[in-house]
Amino acid sequence: MSRSHEHDRATNVRRASATRIVVVVLAAWACGPQPPPILPPGPYVPGQSYFSQHDYIEYIAGNAPVIFSAPHGGTLAPADIATRTCGTNTTDLNTEELVRQMQQSFFNRTGRFPHVVINRLSRSKLDANRDVQEATCGDANATAAWVAWHGFLDVARQAVTANGARGWYMDMHGHGHAIQRLEIGYDLSAATLALSDAALDAGTAFEDSSTIRTISHDDTSRSFSALLRGPTSLGAMYAAEGFRAVPSVTDRSPGGDPYFNGGFNVERYGCRDGGTLCAVQIETNLTGVRDDAASRTRFGDATARILERYLAAHWGVQLTR
Ligand SMILES: [Zn+2]
């Protein structure tokens, strides 16, 4: 009995000291002057891949004013991260492969590398398009990966917007909706997109709540509604390349059909609150876009051509040197 108590006391002492060590490490992590060693040190060479701890987050460094990310295409499911039970765990199939092709196509056309950030973890372990609580459901290892995801996006943002330069960010997803079209998210609801052009262009309230606010302010030759669904809108340019899209000239609003209008990443990194990095979320359909390598090449090549035209026409950004 007494030996058993001795044993319990010794175990409790060991547990208590282990708890103290964890508390001290967490306190240093949270309050110390040095950032946590979550990102590999720079400088980052354009075209090269860099990884966070355990290769959970991959950053392909760039030298063009463009960022692509894939938060929901990962497949890694390590046992030391708890499976999420606080949100949806659906994978956006082949979107990791899609952004890799977009990077290659962009380089082939412009001779410059876009920045690419990929979450290689399964969404069942990390949702990299949510605030930290819903993203990780409180798991400490998932939280480290979430910090790395945003650390790499911050590296890319700072590189792109240095000295006030203009840049473009596309957060790439995959939807499972029946209608095979791109759903372009500017952080405007389906109800907002259902309004008339006159209503969208009355005042600045709608453009100021969108993820392309700064482009809309700078492009004084076009109305906001024209930027969303006129002949030179992003959606119209995709449609002209054979990729049906909403909003666009032909699909002016989602109507009553399912539609994703944006999310955490484009709200955090886009220009809704000002700044010179503007953004869209693109929810891609599967068929003809990301179902196989040939589709992804067609989409990647089209995206490079479109961004060259779109950013030059609306914002004076030249992608080709
Ligand atoms: Zn997604």
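Structure: see above.
Not measured: the values here are computed from a predicted model.

(A) Spatial organisation of the coordination of the zinc ion. Coordination sphere of the zinc ion, protein contribution only: H72 (ND1), D92 (OD) and H173 (ND1), at 2.0 to 2.1 Å. Sequence spacing of the donor residues for the zinc ion, all on one chain, is H-x19-D-x80-H. Here the residue H72 occupies a position in the loop between β3 (66-70) and α2 (95-110), and D92 occupies one in the loop between β3 and α2, the gap between them amounting to 20 residues.

(B) Here's a closer look at the state of the cysteines. Summed over the entire model, instances satisfying the criterion amount to two disulfides. Across a sulfur-sulfur distance of 1.9 Å, C86 and C137 are joined as a disulfide pair. An S-S torsion of about -90° defines the bridge between C86 and C137 as left-handed. Taken together, the residues C86 in the loop between β3 and α2 and C137 in the loop between α3 (132-136) and α4 (140-161) connect sequence positions 51 residues apart. A sulfur-sulfur distance of 2.1 Å marks the disulfide that ties C271 to C278. Measuring handedness by torsion sign, the sulfur bridge of C271 and C278 sits at about 100° and is right-handed. C278 shares its class with C271; the two are buried.

(C) Seen up close, the pattern of salt bridges. Applying the stated criterion to the full structure yields 17 salt bridges. As a salt-bridge pair, R100 and E58 come within 2.7 Å of each other at their nearest N and O atoms. Of this pair, R100 sits in helix α2 while E58 sits in strand β2 (residues 57-60), and the two are 42 residues apart along the sequence. Here R222 ties to D219 by a salt bridge, and the two come within 3.1 Å at their closest N and O atoms. One salt-bridge network, held together by shared partners, links R123, D127, R130 and E134.

(D) Structural context of the pairing of strand β5 (residues 167-174). Counting buried positions over the eight residues of β5 gives eight, a clear majority of the element. Of the two faces of β5, the one lined by G167, Y169, D171 and H173 and the one lined by W168, M170, M172 and G174 are each fully buried. Where β3 and β5 come together, four bridges link them in parallel fashion. Bridging across to β5, F68 finds its partner in M170. Both β5 and strand β8 (residues 277-284) contribute to a ladder of eight bridges, which runs parallel. Looking at the pairing, G167 lines up with L277 of β8.

(E) Molecular detail of the nonpolar core. W168, M170, I212, L234 and Y238 are the most contacted members of the largest nonpolar core, which has 46 residues in total. Excluding its chain neighbours within four sequence positions, the residues that come into contact with Y238 are M170, L182, I184, F243, A245, I282, F299, T303 and I306. If you look at the next biggest cluster of nonpolar residues, it comprises 28 residues, including I38, Y50, I67 and L153.

Each value, and the rule that gives it
- Residues numbered from 1 in each chain as written.
- Predicted model: local features only at pLDDT ≥ 70, side-chain atom pairs only at ≥ 80, totals over all residues.
- Heavy atoms only, no water.
- Donors = N, O, S within 2.8 Å, 3.2 Å for Na, K, Ca; no water.
- Helix = DSSP H or I, 4+ residues; strand = E, 2+ residues; numbered from the N terminus.
- Disulfide = S-S within 2.5 Å.
- Buried < 20%, exposed > 50% of the residue type's maximum accessible area, 1.4 Å probe, protein only.
- Salt bridge = Lys/Arg side-chain N within 4 Å of Asp/Glu carboxyl O.
- Pairing = 2+ DSSP bridges.
- Core = buried A, V, L, I, M, F, W, Y, C linked by side-chain atoms within 4.5 Å.
- Contact = heavy atoms within 4.5 Å.

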